[in-house]
Amino acid sequence: MADQIKNKTGFLATLQENPSTDEFIKGLWRDNPVFVQVLGMCPVLAVSNTAVNALAMGLATTFVLLMSNILVSSLRNFIPKQVRIASYILIIATFVTMADYIIQAISIELHKALGAFISLIVVNCLILSRAEAFASKNTVGKSILDGLGMGIGFTFALFCLGAVRELLGNGSIFGVPFFPDNFQEWIVMILPAGGFFTLAIWLLIFNAAKQRRATT
Amino acid sequence: MKEESLWYIFINASLINNFVLAYFLGICPFLGVSGKMETATKMGGAVTFVMLISSMCAYAIHALLSAIHAEFLQLISFIVVIASTVQLVEMFIKKMSPALFRALGIFLPLITTNCAILGLALFQTSKGYGFFESLVYALGAGAGFTLALVLIAGLREQLEFADVPGVVKGTALTLLVAGILSLSFMGFAGLGS
């Protein structure tokens, strides 16, 4: 009997744990910020011309998302409702300035490649929407998981785009040549138009997968 | 920095380096509001107006911050100024023309998170433009944004009646159209030389 109760509480405990792992998983796949929610498109298209740029941008965004989620959720009972959006933007801008200086300290070259788009993380709708829709209503622990999940999902999507564009447009991956020398690069993939096309094709793949699951 | 004529700055910002199709700035309203021709033009007008005002403010802030050596505050002050400008424009339009206010609806406050406006402020300071150059740059960027928005809205209105496979409908189709539009805008690159 005692064993049974213990088992039951153990089972219940895992059930209660489930929602929190769910907060993490949902950002990776089901609610992927880029492929499903179509949020934060500007940096996705602009800096995904090489895999390295895409990864760096993803990590910087994850950092800002995580830190602002933590701060917003811990201050959620102190921020008056009327000025909440302004306060969120101030919090985000502070962390973006930090990220800007950190990247500058690590690699000037990368900082030049990303250019103004590091500062433009401030107006990434993904971060503001997580602050408003999630962090302002949930505990710090949950917000950390949500921020991490969404950030990693965003980085994953950016990497998908960056890898494809670099592979086809430059014939290399992470700067290492991939194809034999006689490979003719698809210059269009590096150009802005290539960003639109690659993202459209990824969205198509996601849509097709979703439809297939719905019919079976 | 070489001197650029005001005319060149305008053409550069509106056609050669179009903010939407070459720099990918302001994609969110570009995808969201471009369904109908009417809202697209109005949105373009509102964004151009906010761009002009915030470009003037950004010029003043940059001058002030470099005078007191506090450049690290640049980003935070820009975003605060843009947010308050949008708020001001919103109140102004509400008072002067309630009809236009209702037509723009939710998209008015959303201008705050339009990256094109913050991008404009950042680009003009990094290029070291003076007061009039900044104004012309803002005007060109606004015109380019409106042009791209109107073009895509027109295309999407036509596509409503096309027989498109279900998988492609929605954002993916808009992105494909935008990609083709972006390719054709690259033809303007020759104008610069």
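Look a little higher up for the structure.
Residues numbered from 1 in each chain as written. Chains lettered and ligands numbered in written order. Predicted model: local features only at pLDDT ≥ 70, side-chain atom pairs only at ≥ 80, totals over all residues. Heavy atoms only, no water.

Visitor: Help me understand the overall build of chain B in this model?
Guide: Helix and strand counts for chain B come out as nine helices and zero strands. In chain B, the order of α-helices and β-strands from amino to carboxyl end is α-α-α-α-α-α-α-α-α. Relative to the globule expectation of 16 Å for 193 residues, the C-alpha radius of gyration of chain B, 18 Å, shows essentially globular dimensions. Viewed in the frame of its principal axes, chain B has a C-alpha envelope of about 60 × 45 × 25 Å. For chain B, the residues scored as buried account for 49% of the 193 residues in total. (Helix = DSSP H or I, 4+ residues; strand = E, 2+ residues; numbered from the N terminus. Rg over C-alpha atoms; globule rule 2.2 N^0.38 Å. Buried < 20%, exposed > 50% of the residue type's maximum accessible area, 1.4 Å probe, protein only.)

Visitor: Help me out: how do you make sense of the overall build of chain A in this one?
Guide: Of the regular secondary structure elements, chain A holds nine helices and two strands. Mapped in sequence order, the helices and strands of chain A form the string α-α-α-α-α-α-α-β-β-α-α. By principal-axis analysis of the C-alpha atoms, chain A measures approximately 75 × 45 × 30 Å. Within chain A, the proportion of its 216 residues that are buried is 47%.

Visitor: Would you mind showing me how to read the side chain of Asn53 of chain A here?
Guide: Locating Asn53 of chain A in the fold gives a position in helix 3 (residues 51-74). If we skip the residues at most four places from it in the chain, Asn53 of chain A touches Val47, Leu110, Ala113 and Leu114 of chain A. (Contact = heavy atoms within 4.5 Å.)

Visitor: Got a minute to help me understand the interface of chain B and chain A in this structure?
Guide: By a widely used convention, the size of an interface equals the accessible area lost when the partners come together. Each partner contributes to the interface: chain B provides 36 residues, whereas chain A provides 33 residues. Summed over both partners, the interface of chain B with chain A comes to about 2900 Å²; 86% of that surface belongs to carbon and sulfur atoms. Considering only the side of chain B, the residues that lose the most area to chain A are Phe24, Val167 and Leu175 of chain B, jointly responsible for 22% of the buried surface there. Linking chain B with chain A are zero salt bridges, by the criterion used here. Linking chain B with chain A are one residue pair in polar contact (both at pLDDT 80 or more), by the criterion used here. (Buried area = accessible area lost by both parts, 1.4 Å probe. Salt bridge = Lys/Arg side-chain N within 4 Å of Asp/Glu carboxyl O. Polar contact = N/O pair within 3.5 Å; in protein donor to acceptor, adjacent residues only side chain to side chain.)

Visitor: Which parts of the structure should I look at to understand the packing of helix 9 (residues 192-215) of chain A against helix 9 (residues 171-185) of chain B?
Guide: Angle between the axes and distance between the axes: these two values describe a pair of packed helices. Contact geometry for helix 9 of chain A and helix 9 of chain B: axes closest at 8 Å, N-to-C directions at 165°. Comparing their axes, helix 9 of chain B and helix 9 of chain A come out roughly antiparallel. Where helix 9 of chain A crosses over helix 9 of chain B, the two elements pack in a sense that is left-handed. Counted together, Pro192, Ala193, Phe196, Phe197, Leu199, Ala200, Leu203 and Leu204 of chain A of helix 9 of chain A and Thr171, Ala172, Leu175, Leu176, Ala178, Gly179, Ile180, Ser182 and Leu183 of chain B of helix 9 of chain B form the full contact between these two elements. (Axes fitted to C-alpha atoms, helices over the stretch in contact; angles between N-to-C directions. Parallel < 35°, antiparallel > 145°, perpendicular 65-115°, else oblique. Left-handed = near helix turned anticlockwise from the far one by under 90°.)

Visitor: I tried to follow the side chain of Gln124 of chain B on my own but got confused; where do I start?
Guide: Residues and elements named next belong to chain B. Relative to the elements of secondary structure, Gln124 occurs in helix 7 (residues 115-126). You can call Gln124 buried: its relative accessible area is 2%. Not counting the four nearest positions on each side in its chain, Gln124 is found in contact with Ser55, Ala58, Tyr59, Tyr129, Ser134 and Tyr137.

Visitor: Whenever I open this one, helix 7 of chain B confuses me. Can you help?
Guide: Turn by turn, an α-helix covers 3.6 residues, leaving residues three or four places apart pointing in a common direction. Residue and element names in this part refer to chain B. With 12 residues, helix 7 should cover 16 Å at 1.5 Å per step; its first-to-last C-alpha distance of 16 Å lies within 8% of that length. Listed as buried for helix 7 are Cys115, Ala116, Ile117, Leu118, Gly119, Leu120, Ala121, Leu122, Phe123, Gln124 and Thr125. Two residues or fewer after helix 7 comes Gly128, characterised by a positive phi angle close to 70°. (Expected span 1.5 Å × (residues − 1).)

Visitor: Just to check I follow, could you spell out the environment of Ser129 of chain A for this structure?
Guide: All names here are of chain A. When you line up the elements, Ser129 lands in helix 6 (residues 125-135). C-alpha separation for the pair Ser129 and Leu39, spaced 90 residues apart in sequence, amounts to 8.9 Å. Ignoring sequence-local partners within four residues, the contact set of Ser129 consists of Leu39 and Phe134. Reaching out from Ser129, the side chain makes a polar contact with the backbone oxygen of Leu126 at a distance of 3.0 Å.

Visitor: Looking at this structure, how should I read the packing of aromatic side chains?
Guide: To describe a pair of aromatic rings, one takes the distance between the centres and the angle between the planes. Overall, the coordinates contain 10 aromatic pairs over all chains when judged by the stated rule. Centre to centre, the rings of Phe196 of chain A and Phe24 of chain B are 5.2 Å apart; their planes meet at 65°, and the pair counts as edge-to-face. Separated into two different chains, Phe196 of chain A in helix 9 and Phe24 of chain B in the loop between helix 1 (6-16) and helix 2 (27-32) make up a pair that spans both. Each of the two residues, Phe196 of chain A as well as Phe24 of chain B, counts as buried. Summarising the aromatic geometry, the rings of Tyr23 of chain B and Phe123 of chain B are spaced 5.2 Å apart at their centres and angled 45° between planes, so their arrangement reads as tilted. Highlighted residues: Tyr23 of chain B in the loop between helix 1 and helix 2 and Phe123 of chain B in helix 7, separated in sequence by 100 residues. A relative accessible area of 14% means that Phe123 of chain B is categorised as buried. Counting every residue linked through ring pairs, the aromatic cluster contains Phe19, Tyr23, Phe123, Tyr129 and Tyr137 of chain B. (Phe/Tyr/Trp six-rings, centres within 6.5 Å; stacked < 30°, edge-to-face > 60°.)

Visitor: Honestly, the pattern of salt bridges in this entry has me stumped. Any pointers?
Guide: Pairing between side chains of opposite charge can happen when their charged atoms approach one another. All names here are of chain A. One pass over the structure, following the stated rule, counts three salt bridges over all chains. One salt bridge in this structure joins Arg84 and Glu132, with 3.0 Å as the shortest N-O distance. Placement of Arg84 in helix 4 (residues 84-106) and of Glu132 in helix 6 is noted, with a sequence separation of 48 residues between them. According to the relative accessible area criterion, Arg84 is partly exposed, its value standing at 25%.

Visitor: Would you explain unusual backbone geometry in this entry?
Guide: Most peptide bonds take the trans form, and the phi angle of most residues other than glycine is negative. Despite not being glycine, Phe24 of chain B shows a phi value in the positive range, around 60°. Its relative accessible area of 3% is what places Phe24 of chain B among the buried residues.

Visitor: Whenever I open this one, the packing of helix 4 (residues 74-96) of chain B against helix 7 of chain B confuses me. Can you help?
Guide: Residues and elements named next belong to chain B. Here helix 4 crosses helix 7 at 135°, and the two axes come no closer than 10 Å. Classed by the angle they form, the pair helix 4 and helix 7 counts as oblique. As for how helix 4 packs across helix 7, the hand of that crossing is right-handed. Listed contacts from helix 7 to Gln74, Leu75, Phe78, Ile79 and Ile82 of helix 4 are Ile117, Leu118, Ala121, Leu122 and Thr125.

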